[in-house]
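# Structural characterization, general
Listed below are the residues making up each chain.
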Amino acid sequence: MRVPLIAGNWKMNNTIEESLYLAKSLAEFSKSFNKDREILICAPFTALYALKTVLKSSKIKLGAQNMHYEESGAYTGEISPLMLKDIGVDYVLIGHSERRQYFNENDELLNKKLKAALKHGIKPILCVGETLEQREANVEKETVKTQIVKSLCGIDADCFKNIVIAYEPVWAIGTGKTASSDQANEIISYIRNVIKELYDEEISENVIIQYGGSVKGSNAAEIMAKPDIDGALVGGASLKAEEFINIINY
Ligand code: PEP
């Protein structure tokens with residue numbers, strides 16, 4: 001049985017004080033929340049340590065939004081998997097479209113990051129998705145297939161229980177334009193087939209695949225009702241406790 005994962009991606013928002021305020025509201029809510037779903041906050045690096053203290057006695061998991069693949073070294077400004085492990089981070093986003101778009105992250109680099117996260121026991125959420133131009137050119141399936149095949153190159157089947165995939169069409173991120181639930185389910189079901197071709201049916205049936213792109217309290221239930229969609233990666237709507245709770249509760 002796949003347990004839905006509802007993850008908030010705070011992006012470059014929230015001071016430590018703001019982060020703690022938001023996390024405390026979510027932690028309080030989670031005390032009486034007993035639906036079978038996992039809740040995650042992916043916060044800026046600067047807030048992770050403080051958040052761990054607030055969240056450790058709650059059901060809410062903690063994630064980072066990026067990570068370098070080396071353990072240490074001369075990589076000014078970067079954060080290593082050992083540093084995240086030290087804080088007790090559970091998840092890390094790998095290849096969010098904003099990292100691909102603004103920081104030129106490519107599938108070869110993401111493959112190294114995925115391997116490093118798995119090696120250090122941090123669960124990677126591999127983000128894939130097509131741009132508007134790619135969708136208009138009808139190459140959305142080829143695009144996500146290439147991203148998945150290249151990013152997963154050399155990753156063993158037994159790592160799969162720790163990998164999450166997020167399908168996030170770039171044209172739906174932060175635009176208010178959500179993919180329809182049918183569009184999202186079609187690509188997520190296709191991703192399951194790609195995983196089946198690369199690994200096997202059991203892995204493809206068990207892997208958690210989220211949808212991301214302008215998910216809100218008002219559209220979460222319809223998206224989550226689709227059979228292949230196992231949760232959401234939520235940007236803007238995760239910055240307000242009430243709205244994020246509406247999504248978690250869908
Ligand atoms: C995201 O940041 O991954 C995202 C999906 O953002 P938004 O929900 O704001 O579209």
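Residues numbered from 1 in each chain as written. Predicted model: local features only at pLDDT ≥ 70, side-chain atom pairs only at ≥ 80, totals over all residues. Heavy atoms only, no water.

### Describing the sheet that holds strand β2 (residues 38–42)
Spatially, 8 strands are ordered β1-β2-β3-β4-β5-β6-β7-β8 in a closed barrel, and the strand pairing comes out parallel. The mean angle between the axes of side-by-side strands here comes to 25°, regardless of whether they run parallel or antiparallel. Note: strand β4 (residues 91–94) against strand β5 (residues 123–128), 4 bridges, orientation parallel. Pairing of Val92 across the sheet is with Pro124, part of β5. (Pairing = 2+ DSSP bridges. Helix = DSSP H or I, 4+ residues; strand = E, 2+ residues; numbered from the N terminus. Axes fitted to C-alpha atoms, helices over the stretch in contact; angles between N-to-C directions.)

### Here's the deal with the site of the ligand
The local shell around the ligand holds 14 residues, among which Lys11, Glu168, Gly174, Ser214 and Gly235 are the closest. Measuring from an oxygen atom of the ligand, one finds a side-chain N or O atom of Asn9 at 3.1 Å. Within the side chain of Glu168, a nitrogen or oxygen atom sits 2.6 Å from an oxygen atom of the ligand. Protein contact buries 95% of the 290 Å² of open area that the ligand shows by itself. Class assignment of the residues belonging to the shell around the ligand gives a composition of 4 nonpolar, 8 polar and 2 charged. (Near = heavy atom within 4 Å. Polar contact = N/O pair within 3.5 Å; in protein donor to acceptor, adjacent residues only side chain to side chain. Areas by Shrake-Rupley, 256 points an atom, 1.4 Å probe, with all protein chains shown as cover. Nonpolar A, V, L, I, M, F, W, Y, C, P; charged D, E, K, R; others polar.)

### Examining the side chain of Ser30
Here Ser30 lies in helix α1 (residues 16–31). The buried category is assigned to Ser30, whose relative accessible area is 1%. A distance of 2.8 Å separates a polar atom in the side chain of Ser30 from the backbone oxygen of Ala27. Every residue in contact with Ser30, bar those within four places of it in the chain, is listed here: Ser58, Lys59 and Ile60. (Buried < 20%, exposed > 50% of the residue type's maximum accessible area, 1.4 Å probe, protein only. Contact = heavy atoms within 4.5 Å.)

### So, the pattern of salt bridges
Using the criterion set out here, one finds 17 salt bridges in the structure. For Asp107, the salt bridge goes to Arg100, with nearest N and O atoms at 2.8 Å. Relative accessible area serves as the criterion here: at 10%, Asp107 is assigned to the buried category. Here Glu108 makes a salt bridge to Lys150, at a shortest N to O gap of 4.0 Å. Here Glu108, found in helix α5 (residues 107–119), pairs with Lys150, found in helix α7 (residues 140–151); they are 42 residues apart in sequence, far enough to count as distant. Residue classification places Lys150 among the partly exposed positions, given a relative accessible area of 40%. (Salt bridge = Lys/Arg side-chain N within 4 Å of Asp/Glu carboxyl O.)

### Thoughts on the side chain of Arg37
Positionally, Arg37 belongs in the loop between α1 and β2. Notably, Arg37 is buried but unbridged: the nearest opposite-charge side chain belongs to Asp36, and the N-O separation is 7.8 Å. Of the polar contacts made by the side chain of Arg37, one reaches the backbone oxygen of Ile248; its length is 2.8 Å. Once residues lying within four places of it in the same chain are set aside, the contact partners of Arg37 are Val3, Pro4, Ile6, Ile248, Asn249 and Tyr250. (Lys, Arg positive; Asp, Glu negative; His and termini not counted.)

### Some thoughts on the pairing of strand β3 (residues 60–64)
Judged by how many residues are buried, β3 sits mostly within the fold: 4 of 5 residues are covered. At this point the chain moves from β2, through helix α2 (residues 45–55), to the parallel β3, and the crossover so formed is right-handed. Pairing of β3 with β4 involves 2 bridges; the strand directions are parallel. Residue pairing across strands places Ala64 opposite Val92, the latter belonging to β4. This β-α-β element, β3 to helix α3 (residues 81–87) to β4, shows right-handed connectivity. (Right-handed = clockwise from strand over helix to strand, strands pointing away.)

### Focus: helix α8 (residues 181–198)
Taking 1.5 Å of rise per residue, the 18 residues of α8 would be expected to cover 26 Å, and the 26 Å separating its terminal C-alpha atoms lies within 8% of that figure. Turning to α8, its buried residues are Ser181, Ala184, Asn185, Ile187, Ile188, Ile191, Arg192, Val194 and Ile195. (Expected span 1.5 Å × (residues − 1).)

Keep in mind these numbers describe shape, not what the thing actually does.
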